[in-house]
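# Residue-level structure breakdown
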Amino acid sequence: MSLEDMTNSVREKVSGASLSATVKFDMGDTGVIRLIGGNPPEVDNDDDAADCTIKVAQSDLQDILDGAQDAQTAFMMGKLQVEGDMGAAMQLAGAL
């Protein structure tokens, strides 16, 4: 799945959510998906500052978006690392 497809998938999943912080998925060379707090959050691919950065491989994020992998389980297995505001990451986990 392309970065654009993944970005659109995230946009759809959070369309009914409210997020109070800016969270960024950093997939290394693949790029980033950033959610800017709001109701609903804005979603873009700008690699700007965020309250929380989640480092994750593209394939693992895709599994989370598809429902094949639980985000909390992925965290416990070391498949994603959270830098910054852990509370923001927890807010997002509920939306995904």
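Reading guide: rules and limits
Residues numbered from 1 in each chain as written. Predicted model: local features only at pLDDT ≥ 70, side-chain atom pairs only at ≥ 80, totals over all residues. Heavy atoms only, no water. Helix = DSSP H or I, 4+ residues; strand = E, 2+ residues; numbered from the N terminus. Rg over C-alpha atoms; globule rule 2.2 N^0.38 Å. Buried < 20%, exposed > 50% of the residue type's maximum accessible area, 1.4 Å probe, protein only. Salt bridge = Lys/Arg side-chain N within 4 Å of Asp/Glu carboxyl O. Arc of directions from axis to C-beta. Pairing = 2+ DSSP bridges. Axes fitted to C-alpha atoms, helices over the stretch in contact; angles between N-to-C directions. Core = buried A, V, L, I, M, F, W, Y, C linked by side-chain atoms within 4.5 Å. pLDDT = per-residue confidence, 0-100.

## Topic: the overall build of the chain
From N to C terminus, the chain includes 4 helices and 5 strands. Relative to a compact globule of 96 residues, whose C-alpha radius of gyration would be 12 Å, the chain shows 12 Å and is just as compact. For the C-alpha atoms alone, the extent of the chain along its principal axes is close to 30 × 25 × 25 Å. For the chain, buried positions account for 38% of its 96 residues.

## Concerning the pattern of salt bridges
It is possible for side chains bearing opposite charge to pair when their charged atoms get close. The full count for this structure, using the stated rule, is 5 salt bridges. A salt bridge links aspartate 44 to arginine 34; its shortest N-O distance comes to 2.7 Å. With a gap of 10 residues between them, aspartate 44 in strand β3 (residues 42–44) and arginine 34 in strand β2 (residues 32–36) connect regions that are remote in the sequence. In this structure arginine 34 comes out as buried when scored by relative accessible area, which is 10%.

## Considering helix α1 (residues 3–13)
Buried within α1 we find Met6, Thr7, Ser9 and Val10. For α1, the buried positions fall inside an angular range of 160 degrees around the axis, keeping them on one side. Pointing more than 90 degrees away from the buried face of α1 are the exposed residues Glu4 and Glu12.

## Section: the sheet that holds strand β1 (residues 23–26)
Taken in spatial order, the 5 strands make up an open sheet running β3-β2-β1-β4-β5, and their pairing is mixed. Two strands in the sheet have a free side with no partner beyond their single neighbour: β3 and β5 (80–84). When strand polarity is set aside, the average angle formed by the axes of neighbouring strands in this sheet is 15 degrees. The sheet contact formed by β1 and strand β4 (residues 52–56) spans 4 bridges and is parallel.

## Topic: the nonpolar core
Core analysis: the largest hydrophobic core is formed by 23 residues, its most contacted members being Val23, Phe25, Ile33, Leu35, Ile54, Leu61 and Leu92. Counting residues per element, the ones that place at least two in this core are α1, β1, β2, β4, α2 (58–66) and α4 (86–95).

## Focus: unusual backbone geometry
Note: most residues except glycine have negative phi, and most peptide bonds are trans. Of note, the amide linkage connecting asparagine 39 to proline 40 takes the cis form, showing an omega dihedral of 0 degrees. Tracing the chain through its elements places proline 40 in the loop between β2 and β3.

## Thoughts on the confidence of the model for the chain
Averaged over all residues, the pLDDT of the chain is 92; the fraction at 70 or higher stands at 100%. Taken element by element, the predicted model of the chain shows its lowest mean pLDDT in α4 (82) and its highest in β2 (97).

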